[in-house]
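Here are the chains, one letter per residue:
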Amino acid sequence: MRQGLTIGEFATLTHLSVRTLRRYHEAGLLEPATVDPFTGYRYYSPEQIPSAQVIHRLRELDVPLADVKSILASGDPQRRADLIAEHLRRLEAELDRTRAAVVSLRRLLRPDPEDLQVELRSVPARTVAAIRGHVTLEDSTSWYDATMAELDAAFGPSERTGPPGGRYANELFTAGAGTMTVYRPVREPRVSGRIEIVELPPVDVAVAVHSGRHDDIDVTYGRLGSWVVEHALAVDGPVDETYVVGPRDTPTPADWRTEIGWPVFRLTPGD
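Just so you know, these numbers come straight off a predicted model, no measurement behind them. Throughout, residues of each chain are indexed from 1 in the direction in which the sequence is written. The predicted origin of the model limits local features to residues at a pLDDT of at least 70 and limits the giving and counting of side-chain atom pairs to 80 or more, whereas totals for whole chains, interfaces and linings rest on all residues. Heavy atoms from the whole structure form the basis of all side-chain values; hydrogens and water molecules are not counted.

1. Here's the deal with the nonpolar core
Okay, so step 1: Each nonpolar core is a collection of buried residues, namely Ala, Val, Leu, Ile, Met, Phe, Trp, Tyr and Cys, held together in the definition by side-chain atoms within 4.5 Å. Categorising residues by exposure relies on relative accessible area from a 1.4 Å probe, with only protein chains included: less than 20% of the type maximum marks a residue as buried, more than 50% marks it as exposed, and the intermediate range marks it as partly exposed. Core analysis: the largest hydrophobic core is formed by 18 residues, its most contacted members being Phe10, Leu21, Tyr24, Leu30, Tyr44, Ile55 and Val68.
Okay, so step 2: Note on conventions: DSSP H or I runs of at least 4 residues are helices, E runs of at least 2 residues are strands, and numbering of each starts at the N terminus. At the level of elements, helix 1 (7-14), helix 2 (18-26), helix 3 (49-60) and helix 4 (65-73) are the ones that each hand at least two residues to this core.
Okay, so step 3: Element by element, the count of residues in this core is highest for helix 3, at 4 residues.
Okay, so step 4: Residue contacts are defined here by distance: any two heavy atoms, one from each residue, within 4.5 Å place the two residues in contact. If we ignore the near neighbours within four places in the chain, the residues touching Leu30 are Phe10, Leu21, Tyr24, His25, Tyr44, Gln48, Ser51, Ala52 and Ile55.

Right, dumping it as structure tokens:
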């Protein structure tokens, strides 16, 4: 009497190689329905095909074997969904990092990079509504999003007098952690929760515009820094970013415009 599907037949039906099925058996992930005690031949049942297909899909997503085993062993559908969702979040984060690196490399390796337009600008003193905090570079994006949402909730469109901005201490980039100040120019700044009234001193800056997503904003930073060095200007103080057009203005990343303001002063002869 036939005992079930041979390992070869099961491999054909599930698109899992014989070698892979043997490895899954050894790992206790997908054990055959029966194993002939005399020949050692493995036999699988048709009912095991859906489980094998689930394993195949999870492995295509690079879910580790230990996590696959946990997903299959869990009898709680919500627990299984949570385990898969957690891995998908990790994959999405990795894809974001990969996409950012690819975008930056394409700009860096472009044979004829576009000319960087730099404007020297004197920015007067300003009184703004702001939130300050000591933040790690890794957490800076999520901290900015939460902070900007708080400022937007406190000051409606009719109260705003200009685009939002961020002032970032050099230590944020050199040491991986530093002071971040996110602010909005508004008609009447007021204290509310974490929001404080901040006086931004006057500053001379070299300004370059970064277009699009921030995935490759480091390239624009680098080119602006090179421009500063080439034009005998010295850096003095934290960098400012002004979000002229951002995600809160349009969902189209190609339309985003970020001004990078690099504090400078002209070197006198002999400096």
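Read on, since the account is not over.
2. Observations concerning the packing of helix 1 against helix 2
Okay, so step 1: Axis geometry follows a simple rule: fit a line to the C-alpha atoms, using only the stretch in contact for helices, then measure angles between N-to-C directions, giving values from 0 to 180 degrees. Interhelical geometry of helix 1 versus helix 2 gives an angle of 105° and a closest axis separation of 9 Å. Here helix 1 lies roughly perpendicular to helix 2, going by the angle between them. Mapping the contact onto sequence places Ile7, Gly8, Phe10 and Ala11 in helix 1 and Val18, Leu21 and Arg22 in helix 2.
Okay, so step 2: Three residue categories are used. Nonpolar comprises Ala, Val, Leu, Ile, Met, Phe, Trp, Tyr, Cys and Pro, charged comprises Asp, Glu, Lys and Arg, and polar comprises the others, including Gly. Within the contact of helix 1 with helix 2, the residues separate by chemical class into 5 nonpolar, 1 polar and 1 charged. Reported orientations rely on four angle classes, namely roughly parallel under 35 degrees, roughly antiparallel over 145, roughly perpendicular from 65 to 115, and oblique for the rest.

3. Some details on the pattern of salt bridges
A side chain with one charge can pair with a side chain of the opposite charge if their charged atoms come near.
Okay, so step 1: Each reported salt bridge corresponds to a side-chain nitrogen of Lys or Arg within 4 Å of a carboxyl oxygen of Asp or Glu. Inspection of every chain in the model, using the stated rule, returns 9 salt bridges.
Okay, so step 2: In this structure, Arg132 and Glu196 form a salt bridge, with 2.7 Å as the shortest nitrogen-oxygen distance. Of the two residues, Arg132 is situated in strand 5 (residues 126-136) and Glu196 in strand 8 (residues 196-200); the sequence distance between them amounts to 64 residues.
Okay, so step 3: Among the residues examined, Arg132 registers a relative accessible area of 44% and is labelled partly exposed.
Okay, so step 4: What makes Glu196 partly exposed here is its relative accessible area of 25%.
Okay, so step 5: Residues joined by salt bridges that share partners form a network here, namely Asp152, Arg160, Arg184 and Arg248.

None of this, on its own, says anything about what the molecule does.
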